[in-house]
Amino acid sequence: MTTEAKKPVLRILVVDDELIVRESLGAWLREDGHNVDVAESARKALRMIAQNGYDLALIDIKMPTMDGLELQTRLAEAASDLSIIIMTAYASVDTAVKALKNGAYDYIVKPFDPDELSHLIRRAQEHRSLAVENVRLKKTLEASAPRIRIVGDSPAMHRIHELIASVAPTDATVLVLGESGTGKELVAAAIHAGSPRRYNPMVIVHCGALAEGVLESELFGHEKGASTGASYHHKGKFEQADGGTIFLDEIGEISPQVQVELLRVLDEKRVSRVGGTKPIDVDFRVVAATNRDLVAMVKEGTFREDLFYRINVVAIDIPPLRDRPEDVPQLAEHFLRRICVSMNRKGMSFSDEAMEALKTYAWPGNARELQNAIERAVVTGRPPTVEKKDLPRYVTDVDASVGAVARARSLKDVEAEHIHRILEESEWNISRAASILEVDRGTLYHKIKRYGLERPSGHDG
Amino acid sequence: MTDEREPDDLESVEVLEVAAPPRDLVEAVTAALSRRVSVPCRIRSVPEAFQIPHIPGRNQADADRLLSAVEALGPPVGHVLVALTAEDIGHPIFTHFFGRARHHGSAAVVSVARLDPTFYGLPEDRNRTVLRTVLEIVHEMGHLAGIGHCDDWSCIMRFASTVDAIDNRGQRFCPACAAALPPGFAPSHAPCPPDPEP
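Residues numbered from 1 in each chain as written. Chains lettered and ligands numbered in written order. Predicted model: local features only at pLDDT ≥ 70, side-chain atom pairs only at ≥ 80, totals over all residues. Heavy atoms only, no water.

## Here's the deal with the overall build of chain B
Here is step 1 of the chain: Each helix and strand in chain B was counted, giving 5 helices and 8 strands.
Here is step 2 of the chain: Secondary structure of chain B in N-to-C order comes out as β-α-β-β-α-β-β-β-β-β-α-α-α.
Here is step 3 of the chain: Per-residue burial for chain B yields a buried fraction of 57% across its 198 residues.
Here is step 4 of the chain: Approximately 8000 Å² of chain B is accessible, and the part contributed by carbon and sulfur atoms is 54%. (Helix = DSSP H or I, 4+ residues; strand = E, 2+ residues; numbered from the N terminus. Buried < 20%, exposed > 50% of the residue type's maximum accessible area, 1.4 Å probe, protein only. Areas by Shrake-Rupley, 256 points an atom, 1.4 Å probe, with all protein chains shown as cover.)

Laid out in structure tokens, this is it:
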């Protein structure tokens, strides 16, 4: 042969109980330059495929002992990357449909039109090249995909790692519970990254940050002209999350009216845009999070019981940092490394006194507060060591810290204390405080109002 | 496959009339073929006892069994036998062929049936039929020289299972395939289409 190197050579197995088919088809395919083996039974084919591996199998549908369809089913498990063409003596649509549904690449009716067979082999060849390329690209993507690392070696965090690993690959709805700053969004991201949906978007909705009318439009989208200013149609967050995950943060903040709509969407997996009439099918997975006590809210009647049960399929409760102090050093080192990279500072470490102070403090603002304290220490301190004096005063003033926690008897009190302290530190600059607290301005205003925090007189601007 | 032949031993081509293709067509094909190869081409009659094997239930000759029967006539080394038949040829597992030959074989079978435009309900076109038949014979002789199918559209060794494909592929060997030809196959510069019949 002369120019056959131009086209890829396939490893083909012909499976047929008729000698003439095996011999003739084998010879015909070899003439075309392919490497061809033949098997007279399904059992022999299974053995040969296990031993040799093939690109393509041409399988007769009607064989004694085990027919082509059963062989195809077994091969779907044993050799999922094998392309299969089913050969049949009868143009039976039912059989052909069954074969295709079972995953066969195509089928061909005997006697074969040489042109049709030639095209089929060529298409199978192209299909296989694409499939191989697809697997290669997925592996590359997998290797380059950022890993979501949740730091913490405490028994509580081990349980959370295990729970994430087991729930992520499923499509189960997850409710992430925990105080502000414990890393609920990180847990949601880890669930998304560990799921088959990871190549599709994870859309984040901060429910507490949006006013009722806006939230509805944000979640479900709106049609052009649905309201004043709706000059274009707008895809809602659920539509944006099609194929991926929607993370409903601060779900405890949504109004009763939106709760009803949300429940309907979660049940039906269909959304209707505001001002629209046609429901749209959407495929999404829900991860919700809150720092509120939803059970209490259900009892109070401020959160719908049916919605609570709908989202509380798997609950992941992240303990506050004060309940797992053994995680503080590891978290602190992790934040220091990350901050040093972002600030282009090399090889910084904590002095023993600084680390001791970090371990002693109660961290009412959890990991987020720890991160902010370290960031501030890196900015204000002098490399290569973060000293105790570089840390915020409230961290190093153990008495103040203990006192603050001692005074704060409930979770609400701790949060109120912490927000108040950050506001004071940032001289009541709302944007700066919201940035430190890593919440949006709307949420911060909401909490200031809820806790009745007041700006001391004498502050300007 | 019969005897293995060296690529330099082609001495003649004999066109065997099987199942009575029109005599004038056989003559026109043989004349055109002789201009395509550099060895003598002759017409040879089929022995009286020669039987054409058929495929049960189909109005077709069995191409592979017919090829074996022609090979059994034992063309001497250096001589190629091309059976030209008016019958449609097929195979128990293939619907049809235009021609059949084994790599390094001594004989080939070519059917005129599907090369004739009238098979497809089109008006008769003798020149086209002769041209297609000659090209198909040359393609099968390429297999006899041990050349497989070629991916090059401009090459006569490209696989074709429709007359459109035969009409559209090249009429000569591409340089790579030509290099594998024995001297008797040396590409000629015969006019295409062949000279009109007298």
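## Here's the deal with the overall build of chain A
Here is step 1 of the chain: Looking only at helices and strands, chain A features 20 helices and 16 strands.
Here is step 2 of the chain: Rg of the C-alpha trace for chain A: 31 Å, well past the compact-globule value of 23 Å for 461 residues, more than 25% over.
Here is step 3 of the chain: Its C-alpha atoms give chain A principal-axis dimensions of about 100 × 55 × 40 Å.
Here is step 4 of the chain: In chain A, which comprises 461 residues, the proportion classed as buried is 46%.
Here is step 5 of the chain: Partitioning the contacts of chain A with sequence separation of at least 6, the portion at a separation of at least 24 is 70%.
Here is step 6 of the chain: Here chain A displays about 23000 Å² of accessible surface, and carbon together with sulfur accounts for 51% of that area.
Here is step 7 of the chain: Taking the 61 positively charged and 70 negatively charged side chains of chain A as two groups, their mean positions are separated by 2 Å. (Rg over C-alpha atoms; globule rule 2.2 N^0.38 Å. Contact = heavy atoms within 4.5 Å. Lys, Arg positive; Asp, Glu negative; His and termini not counted. Charge placed at Lys NZ, Arg CZ, Asp CG, Glu CD.)

## Let's talk about the pattern of salt bridges
Here is step 1 of the chain: Applying the stated criterion across every chain yields a total of 42 salt bridges over all chains.
Here is step 2 of the chain: The salt bridge involving Lys237 of chain A is made with Glu218 of chain A; its shortest N-O contact spans 3.7 Å. Pair noted here: Lys237 of chain A is in helix 9 (residues 237-240) and Glu218 of chain A is in helix 8 (residues 212-220), with a separation of 19 residues, a long-range link.
Here is step 3 of the chain: A relative accessible area of 18% means that Lys237 of chain A is categorised as buried.
Here is step 4 of the chain: Linking Asp64 of chain B and Arg100 of chain B is a salt bridge whose minimum nitrogen-to-oxygen distance equals 2.8 Å. Residue Asp64 of chain B is found in helix 2 (residues 63-71), and its partner Arg100 of chain B is found in strand 7 (residues 99-101); the two are separated by 36 residues along the sequence. Both residues of the pair, Asp64 of chain B and Arg100 of chain B, belong to the buried class. (Salt bridge = Lys/Arg side-chain N within 4 Å of Asp/Glu carboxyl O.)

## Some thoughts on unusual backbone geometry
Residues and elements named next belong to chain A.
Here is step 1 of the chain: At the junction of Lys110 and Pro111, the peptide bond is cis and its omega measures out at -10 degrees in the coordinates.
Here is step 2 of the chain: Note that Pro111 resides in the loop between strand 5 (106-109) and helix 5 (114-144).
Here is step 3 of the chain: In this structure, Pro384 follows Pro383 across a cis peptide bond, with omega equal to 10 degrees.
Here is step 4 of the chain: Relative to the helices and strands, Pro384 resides in the loop between helix 15 (366-380) and strand 16 (385-386).
Here is step 5 of the chain: Despite not being glycine, Glu250 shows a phi value in the positive range, around 55 degrees.
Here is step 6 of the chain: Note on placement: Glu250 falls in the loop between strand 10 (245-249) and helix 10 (256-268).

## Digging into the packing of helix 13 (residues 328-342) of chain A against helix 14 (residues 352-360) of chain A
In helix packing, the relevant descriptors are the interaxial angle and the interaxial distance, both defined with respect to the helix axes.
Residue and element names in this part refer to chain A.
Here is step 1 of the chain: Where helix 13 meets helix 14, the closest approach of the two axes is 9 Å, and the angle between their N-to-C directions is 120 degrees. Here helix 13 lies oblique to helix 14, going by the angle between them. Like other packed secondary-structure pairs, helix 13 and helix 14 cross with a definite hand, here right-handed. Across from Val328, Pro329, Ala332 and Glu333 in helix 13, the residues of helix 14 making contact are Met355, Leu358 and Lys359.
Here is step 2 of the chain: When its residues are assigned to classes, the contact of helix 13 with helix 14 shows 5 nonpolar, no polar and 2 charged. (Axes fitted to C-alpha atoms, helices over the stretch in contact; angles between N-to-C directions. Parallel < 35°, antiparallel > 145°, perpendicular 65-115°, else oblique. Left-handed = near helix turned anticlockwise from the far one by under 90°. Nonpolar A, V, L, I, M, F, W, Y, C, P; charged D, E, K, R; others polar.)

## Thoughts on helix 14 of chain A
Residue and element names in this part refer to chain A.
Here is step 1 of the chain: Among the residues of helix 14, those classed as buried are Ala354, Met355, Ala357 and Leu358. Angular distribution of buried residues about the axis of helix 14 spans 155 degrees; they occupy a single face of the element.
Here is step 2 of the chain: Elements that come into contact with the buried residues of helix 14 comprise helix 13, strand 15 (349-350), helix 15, strand 16 and helix 16 (393-396). (Arc of directions from axis to C-beta.)

## Section: the pairing of strand 1 (residues 11-15) of chain A
Looking along a regular strand, one sees side chains alternate from face to face of the sheet.
Residues and elements named next belong to chain A.
Here is step 1 of the chain: Across the 5 residues of strand 1, 4 count as buried, placing the element largely inside the fold.
Here is step 2 of the chain: One ladder, built from 5 bridges, connects strand 1 with strand 2 (residues 35-39); its direction is parallel. The residue bridging Leu13 from the neighbouring strand is Asp37, located in strand 2.
Here is step 3 of the chain: Traced from strand 1 through helix 1 (residues 19-31) to strand 2, the parallel crossover comes out right-handed.
Here is step 4 of the chain: Where strand 1 meets strand 3 (residues 56-60), 4 bridges bridge the pair, whose relative direction is parallel. Within the sheet, the bridge partner assigned to Ile12 lies in strand 3 and is Leu56. (Pairing = 2+ DSSP bridges. Right-handed = clockwise from strand over helix to strand, strands pointing away.)

## Quick word on the domain arrangement of chain A
Here is step 1 of the chain: One can read the domain layout of chain A as domain 1 (4-142), domain 2 (155-317) and domain 3 (321-451).
Here is step 2 of the chain: The C-alpha centroid of domain 2 of chain A is placed 45 Å from the C-alpha centroid of domain 1 of chain A. (Domains from an automatic or database assignment.)

## A short note on the sheet that holds strand 4 (residues 83-88) of chain A
Residues and elements named next belong to chain A.
Here is step 1 of the chain: Spatially, 2-1-3-4-5 is the arrangement adopted by the 5 strands of the open sheet, whose pairing is parallel. The two strands at the open ends of the sheet, each matched to only one other strand, are strand 2 and strand 5. Within the sheet, the average angular offset between the axes of one strand and its neighbour, ignoring direction, is 20 degrees.
Here is step 2 of the chain: In terms of strand pairing, strand 3 meets strand 4 through 5 bridges, oriented parallel. What sits directly across from Leu58, in strand 4, is Ile85.

## Details of the sheet that holds strand 6 (residues 94-97) of chain B
All names here are of chain B.
Here is step 1 of the chain: The 3 strands are arranged 3-5-6 in an open sheet whose pairing can be described as mixed. Edge positions in the sheet fall to strand 3 (61-62) and strand 6, since each of these pairs with one other strand and no more.
Here is step 2 of the chain: Pairing between strand 3 and strand 5 (residues 89-91): 2 bridges, direction parallel. Paired with Ala61 across the strands is Ile89, a residue of strand 5.

## Details of the environment of Val21 of chain A
Here is step 1 of the chain: Relative to the assigned elements, Val21 of chain A resides in helix 1.
Here is step 2 of the chain: Between the C-alpha atoms of Val21 of chain A and Phe112 of chain A, which are 91 residues apart in sequence, the distance is 11 Å.
Here is step 3 of the chain: In this structure, Val21 of chain A is in contact with Asp16, Gly26, Met87 and Lys110 of chain A together with Ile93 of chain B, ignoring residues within four places of it in sequence.

## Some thoughts on the side chain of His149 of chain B
Residue and element names in this part refer to chain B.
Here is step 1 of the chain: Within the secondary structure, His149 is located in the loop between helix 3 (126-144) and helix 4 (163-168).
Here is step 2 of the chain: Taking relative accessible area as the criterion, His149 reaches 8% and is therefore assigned buried.
Here is step 3 of the chain: Here the side chain of His149 touches His143 through a polar contact of 3.3 Å, side chain to side chain. (Polar contact = N/O pair within 3.5 Å; in protein donor to acceptor, adjacent residues only side chain to side chain.)

## Notes on the interface of chain B and chain A
Here is step 1 of the chain: Taken together, the 26 residues of chain B in the interface contact 21 residues of chain A.
Here is step 2 of the chain: Of the roughly 2000 Å² buried at the junction of chain B and chain A (both faces included), carbon and sulfur atoms supply 61%.
Here is step 3 of the chain: Looking only at chain B, the three residues that lose the most surface to chain A are Ile93, Phe94 and Asp151 of chain B, adding up to 32% of its buried area.
Here is step 4 of the chain: Linking chain B to chain A there are 1 salt bridge.
Here is step 5 of the chain: Asp151 of chain B is the partner of Arg122 of chain A in a salt bridge, and the nearest nitrogen-oxygen pair spans 3.5 Å.
Here is step 6 of the chain: Contributions of two or more residues to the side of chain B that touches chain A are made by strand 6, strand 7 and helix 5 (175-178) of chain B.
Here is step 7 of the chain: A per-element tally of the side of chain B that touches chain A places strand 6 of chain B first, with 4 residues.
Here is step 8 of the chain: Across the side of chain B that touches chain A, the residue classes break down as 12 nonpolar, 9 polar and 5 charged. (Buried area = accessible area lost by both parts, 1.4 Å probe.)

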